[in-house]
Amino acid sequence: MNSFGKNSEEGRILKAVVMAGGLGLRLRPLTSIIPKPLLPLGDRNVVEVGLMNLAKAGVTEVIMCINYMSEYFESHFEEKPPENLKISFSKESSQLGTAGPLALIKERLSEPFIVVNGDILTNLNFSKFYKTFKDRKFDMLVGTKIIDLPMSYGVVDSNGDSIISVKEKPCIQTEVVAGIYCLSPHILDWIPDGQSFQMTDLLQLVLKRGKLGRFLIEDYWLDIGHMENYEKAKQDAQELPFLQKVTAAI
């Protein structure tokens, strides 16, 4: 139990949703055999690391939205249920995008809740994240991360027909949506039922109708959706103390 209180009204996160229904096309052929969130990381898998971080923040119940290879998730967590964390599942009959699956479970979410993509690795302090949401009275809080985007070309700075400078394949910093959110349950009514709906679509609606907040993540964060990032995650699991601790079997 964290220091923010005994219930969600006082600041404790009770429920989280893990989005784990994607096809993982950029990680083929690995994801032809196993769904992306269940890819191994040390003695655990990617989504287990995320679940442990949520539990550390006081989350007691997780709803996992699944579609692709859904039976793998059910059998895995039936055999290896996490301690002090209740896992339930919501199955999509078709791909509903990055936000559409939330419409299927809105009756199960009556308090503010966390949403995390199942392919994200982070040591974000979810308690601090949730407290920011509560204190600022946002309708939705979006975790963001500043990342470097390497360019594949030399970049020219010019003035008319004169070149002032040339930079060889520079990295450009940009701030991106990090796949971590906190939502008020009432905005689930803005998601259409049974249709593919993206999280960016929901963000646009909150911008128009409510109060949208930003939380810049300065902690470790990695999206394993690309092969090179998954390789980095495996390396980090051997080298970074916090990942070494959670990826080792007890």
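Refer to the structure presented above.
Parameters and conventions
- Residues numbered from 1 in each chain as written.
- Predicted model: local features only at pLDDT ≥ 70, side-chain atom pairs only at ≥ 80, totals over all residues.
- Heavy atoms only, no water.
- Patch = residues over 30% accessible without salt bridge, like charges linked within 9 Å, V, L, I, M, F, W, Y side chains within 5 Å.
- Areas by Shrake-Rupley, 256 points an atom, 1.4 Å probe, with all protein chains shown as cover.
- Salt bridge = Lys/Arg side-chain N within 4 Å of Asp/Glu carboxyl O.
- Helix = DSSP H or I, 4+ residues; strand = E, 2+ residues; numbered from the N terminus.
- Buried < 20%, exposed > 50% of the residue type's maximum accessible area, 1.4 Å probe, protein only.
- Polar contact = N/O pair within 3.5 Å; in protein donor to acceptor, adjacent residues only side chain to side chain.
- Contact = heavy atoms within 4.5 Å.
- Pairing = 2+ DSSP bridges.
- Core = buried A, V, L, I, M, F, W, Y, C linked by side-chain atoms within 4.5 Å.

**Q** Help me out: how do you make sense of a nonpolar patch on the surface in this one?
**A** Taken together, the side chains of Leu 149, Met 151, Tyr 153 and Ile 172 make up a nonpolar region of the molecular surface, amounting to roughly 390 Å² of accessible area. Within the secondary structure, Met 151 sits in the loop between strand E8 (140-150) and strand E9 (155-159).

**Q** Help me understand the side chain of Asn 67, please; the structure alone is not making it clear to me.
**A** Position of Asn 67 relative to the elements: it lies in the loop between strand E4 (61-66) and helix H2 (70-79). Exposure remark for Asn 67: the relative accessible area of 18% places this residue in the buried category. Looking at Asn 67, its side chain comes within polar contact range of the main-chain oxygen of Glu 92, at 2.8 Å. For Asn 67, the residues in contact, after removing those within four places along its chain, are Gly 21, Glu 92, Ser 93, Ser 94 and Gln 95.

**Q** What am I meant to see in the pairing of E8 here?
**A** Every regular strand shows the same layout, with side chains that alternate between the two sheet faces. Summarising the sheet, E8 and strand E11 (residues 171-183) pair through 10 bridges and their orientation is antiparallel. Each bridged residue has a counterpart across the sheet, and for Pro 150 the counterpart in E11 is Cys 171. Sheet analysis places E8 next to strand E12 (residues 212-216), joined by 5 bridges and oriented parallel. By the bridge assignment, Thr 144 is partnered in E12 with Leu 216.

**Q** I tried to follow the nonpolar core on my own but got confused; where do I start?
**A** Here is a general trend for soluble globular proteins: nonpolar side chains tend to be buried in one another's company. Of all hydrophobic cores here, the largest spans 33 residues; its most connected members are Leu 54, Val 62, Met 64, Ile 114, Phe 126 and Ile 180. Elements supplying a minimum of two residues to this core: strand E1 (15-19), helix H1 (46-56), E4, H2, strand E6 (113-117), helix H3 (126-136) and E11. By residue number, the principal contributor to this core is H3, which donates 4 residues. One finds Met 199, Leu 203, Leu 205 and Val 206 within the second-largest nonpolar core, a separate group that totals 25 residues.

**Q** Can you help me understand the pattern of salt bridges in this one?
**A** Side chains that carry opposite charge are capable of pairing whenever their charged atoms lie near each other. For the structure on display, the rule yields 8 salt bridges. Note that Lys 131 is salt-bridged to Asp 135, the shortest N-O span being 2.7 Å. Taken together, the residues span about one helical turn, with Lys 131 and Asp 135 both in helix H3 at a distance of 4 residues. Look at Lys 131 and you get partly exposed, because its relative accessible area is 34%. A relative accessible area of 47% means that Asp 135 is categorised as partly exposed.

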